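Each chain, written out:
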Amino acid sequence: MKVLVVGGAGYIGSHTVLKLKEKNIDTVVVDNLSKGHRKAVLTDNFEKVDILDKKRLEKIFEKYKFDGVIHFAAHCLVGESIKNPKLYFEENLNGLLNILDCMLKFKVDNIIFSSSCAVYGNPQFIPLTEEHPKDPINPYGETKFFGEKILKRYEEAYGIKFISLRYFNAAGADFEGRIGESHNPETHLIPLVIKSILDNNFQLTVFGNDYNTKDGSCIRDYIHVLDLAEAHILALNYLLDGGTSDCINLGTGKGFSVFEIIRELEKISGKKSKYKIGKRREGDPPILVADNKKAKEILGWKTENSGINSILESAFKWHTSPKF
Ligand code: UDP
């Protein structure tokens, strides 16, 4: 099997490339390195290509004969998407369309798509099943929702099969500390709580303590990045074995509040986090927790690395000694 990983230098992409390598699956990585890191790609088969550059993308498809594509490359920050929707609609959707065009031209029939629980919008019930109404409340979620619609139409018209994986909150790092989460600027909770513990000059802001939740802060379903990575390989194998297109949640089914994450990281580090309470962040639903039955049943997926300690300890290990 030969796999193209688009956006393989990013956080979830690089952990997936690591897993593919461990399984000796032939992999080519494409990334424009706008956000990702070359050092995060632990394989030699790397091509610095922007997916908006269709000519160069076509050259990659021409050079290799892929059995499937795993597509991670997208802008993925809720707040940024509200301030700059043009960037999100143009690049996330055109990027996907270019990849699909190449797949049509070079007869590649299977794609695994990075989607998000942001497609659901404000939850009407918890845990969120895949059937929950899709009503995204920010442009980032909308690009994922439209992406899924594009995939459905392309399957109907052209027969390209897809699995859209709706991630909840990706977290944690490789247990050996080789790769981990490194965004610039960093906006995600766990790295910022760790920063508020390790860096004397940094204070975390908790975005709202007046939500209708057990302690007033937002609740999220944190899923270990290596479990996410594994799901992509399971999903691709499922399609190659004759499975049908689908949209599948990837979460643990358990939620943790912002204050719980702070307390757990204080226990792990033995130090205090410096934080203040701020305003709610626009576009943040109060609770997001997955129903993950479908992933378990259809893909045989396990959340074996996603205990909260395993997530937070691996993240803490990475951030005390980041390699990039
Ligand atoms: N959060 C926070 N302070 C921060 C960053 C995040 O209180 O500096 C909260 C945020 O409101 C959300 C949760 O932490 O409820 C997870 O946010 P993150 O940005 O990590 O992921 P998202 O849920 O947006 O994908």
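Each remark here, short or long, concerns the structure printed above.
Residues numbered from 1 in each chain as written. Predicted model: local features only at pLDDT ≥ 70, side-chain atom pairs only at ≥ 80, totals over all residues. Heavy atoms only, no water.

Asks: Teacher, can you tell me more about the overall build of the protein here?
Replies: A count of helices and strands for the protein gives 10 helices and 14 strands. The C-alpha atoms of the protein give 19 Å as radius of gyration, which agrees with the globular expectation for 324 residues (20 Å, within 12%). Dimensions of the protein along its principal axes, counting C-alpha atoms only, are 55 × 40 × 40 Å. Here the protein holds 324 residues, and 56% of them are scored as buried. About 14100 Å² of surface is accessible on the protein, with carbon and sulfur atoms providing 49% of the total. Here the protein contributes 45 positive and 43 negative side-chain charges, whose respective centroids are spaced 3 Å apart. (Helix = DSSP H or I, 4+ residues; strand = E, 2+ residues; numbered from the N terminus. Rg over C-alpha atoms; globule rule 2.2 N^0.38 Å. Buried < 20%, exposed > 50% of the residue type's maximum accessible area, 1.4 Å probe, protein only. Areas by Shrake-Rupley, 256 points an atom, 1.4 Å probe, with all protein chains shown as cover. Lys, Arg positive; Asp, Glu negative; His and termini not counted. Charge placed at Lys NZ, Arg CZ, Asp CG, Glu CD.)

Asks: Honestly, the side chain of Lys 144 in this entry has me stumped. Any pointers?
Replies: Its location among the elements puts Lys 144 in helix H5 (residues 139-158). The buried charged residue Lys 144 lacks any salt bridge, with Glu 148 as its nearest oppositely charged partner at 8.8 Å. At 2.8 Å, the side chain of Lys 144 and the backbone oxygen of Ser 114 are in polar contact. Residues within four places of Lys 144 in sequence aside, it is in contact with Ala 74, Phe 113, Ser 114, Ser 115, Ser 116 and Val 119. (Salt bridge = Lys/Arg side-chain N within 4 Å of Asp/Glu carboxyl O. Polar contact = N/O pair within 3.5 Å; in protein donor to acceptor, adjacent residues only side chain to side chain. Contact = heavy atoms within 4.5 Å.)

Asks: Explanation requested: the site of the ligand in the structure shown.
Replies: Within the structure, the ligand sits among 15 residues, and Leu 189, Thr 205, Phe 207, Arg 281 and Asp 284 are positioned closest to it. At 3.0 Å, a side-chain N or O of Asn 169 approaches an oxygen atom of the ligand. Between Asp 284 and the ligand, the recorded distance is 2.6 Å, taken from a side-chain N or O atom to an oxygen atom. Protein chains bury 88% of the 510 Å² of accessible surface belonging to the ligand in isolation. If you list the elements that add at least two residues to the shell around the ligand, you get helix H6 (189-198) and strand E8 (204-207). The biggest single contributor to the shell around the ligand is E8, with four residues. (Near = heavy atom within 4 Å.)

Asks: How should I be thinking about the packing of H6 against helix H10 (residues 308-320) in this particular structure?
Replies: For any two helices packed against each other, the geometry comes down to the angle between their axes and how far apart the axes lie. Two numbers describe how H6 lies on H10: the axes approach to 10 Å, and their chain directions differ by 55 degrees. As summarised for this structure, H6 and H10 are arranged oblique, according to the angle between their axes. Two packed elements cross with a definite hand, and for H6 against H10 that hand is right-handed. Facing Ile 190, Pro 191, Ile 194 and Leu 198 of H6, the residues of H10 in contact are Ile 311, Leu 312, Ala 315, Phe 316, His 319 and Thr 320. Across the contact of H6 with H10, the residue classes break down as eight nonpolar, two polar and no charged. (Axes fitted to C-alpha atoms, helices over the stretch in contact; angles between N-to-C directions. Parallel < 35°, antiparallel > 145°, perpendicular 65-115°, else oblique. Left-handed = near helix turned anticlockwise from the far one by under 90°. Nonpolar A, V, L, I, M, F, W, Y, C, P; charged D, E, K, R; others polar.)

Asks: Looking at this structure, I do not really get unusual backbone geometry. What am I missing?
Replies: Trans is the common state for peptide bonds, and a negative phi is the common state for residues other than glycine. Following Ile 126, the chain continues into Pro 127 via a peptide bond in cis, with omega recorded as -5 degrees. Within the secondary structure, Pro 127 is located in the loop between strand E5 (110-116) and H5. Of note, the amide linkage connecting Asn 184 to Pro 185 takes the cis form, showing an omega dihedral of 5 degrees. With respect to the secondary-structure elements, Pro 185 resides in the loop between strand E7 (169-171) and H6.

Asks: Is there a simple way to think about the nonpolar core in this case?
Replies: Nonpolar side chains in soluble globular proteins tend to be buried together. Core analysis: the largest hydrophobic core is formed by 30 residues, its most contacted members being Ile 112, Leu 165 and Leu 250. Those elements giving two or more residues to this core turn out to be strand E1 (2-6), helix H1 (11-22), strand E6 (161-167), helix H7 (225-240), strand E11 (246-250) and helix H9 (293-299). A total of seven residues in this core trace back to one element, the largest contributor, which is H7. In this view, Leu 250 contacts Leu 165, Arg 166, Tyr 167, Phe 168, Ile 223, Leu 228, Ala 231, Ala 295 and Trp 301; residues no more than four positions away in its chain are not counted. (Core = buried A, V, L, I, M, F, W, Y, C linked by side-chain atoms within 4.5 Å.)

Asks: Would you take a moment to explain the side chain of Asn 110 for this structure?
Replies: Relative to the helices and strands, Asn 110 is located in strand E5. Residue class for Asn 110 comes out buried when judged on its relative accessible area of 7%. Polar contacts involving the side chain of Asn 110 include one to the main-chain carbonyl oxygen of Asp 67, which spans 3.1 Å. Every residue in contact with Asn 110, bar those within four places of it in the chain, is listed here: Asp 67, Gly 68, Val 69, Met 103, Lys 161, Leu 236, Leu 239 and Leu 240.

Asks: Can you help me understand the packing of aromatic side chains in this one?
Replies: Describing an aromatic ring pair means giving the distance of the ring centres and the angle of the ring planes. For the structure on display, the rule yields eight aromatic pairs. On the numbers, 6.0 Å between centres and 40 degrees between planes, the contact of Phe 145 with Phe 146 is tilted. Through a chain of ring-to-ring contacts, three or more aromatic side chains come together here, namely Phe 61, Tyr 64, Phe 66 and Phe 106. Between the NZ or CZ atom of Lys 195 and the centre of the ring of Phe 202, over which it lies, the distance is 4.7 Å. (Phe/Tyr/Trp six-rings, centres within 6.5 Å; stacked < 30°, edge-to-face > 60°. Lys NZ or Arg CZ within 6 Å of the ring centre and 35° of its normal.)

Asks: Please clarify how the sheet that holds strand E3 (residues 46-48) should be interpreted in this entry.
Replies: Backbone hydrogen bonds hold the strands of a sheet together, and the pairing may be parallel or antiparallel. The sheet built from seven strands is open, its strands ordered E3-E2-E1-E4-E5-E6-E11 with parallel pairing. The open sheet has two edge strands with one neighbour each: E3 and E11. Along the sheet, successive strands turn relative to each other by an average axial angle of 20 degrees, direction set aside. Along the sheet, helix H2 (residues 54-63) contacts E1, strand E2 (26-31), E3 and strand E4 (68-71); its crossing angle with E3, the most-contacted strand, is approximately 160 degrees. H7 rests against E1, E4, E5, E6 and E11 of the sheet, and its axis sits at about 160 degrees to E6. (Pairing = 2+ DSSP bridges.)

From the geometry alone we can't say anything about function, so treat these as descriptive.
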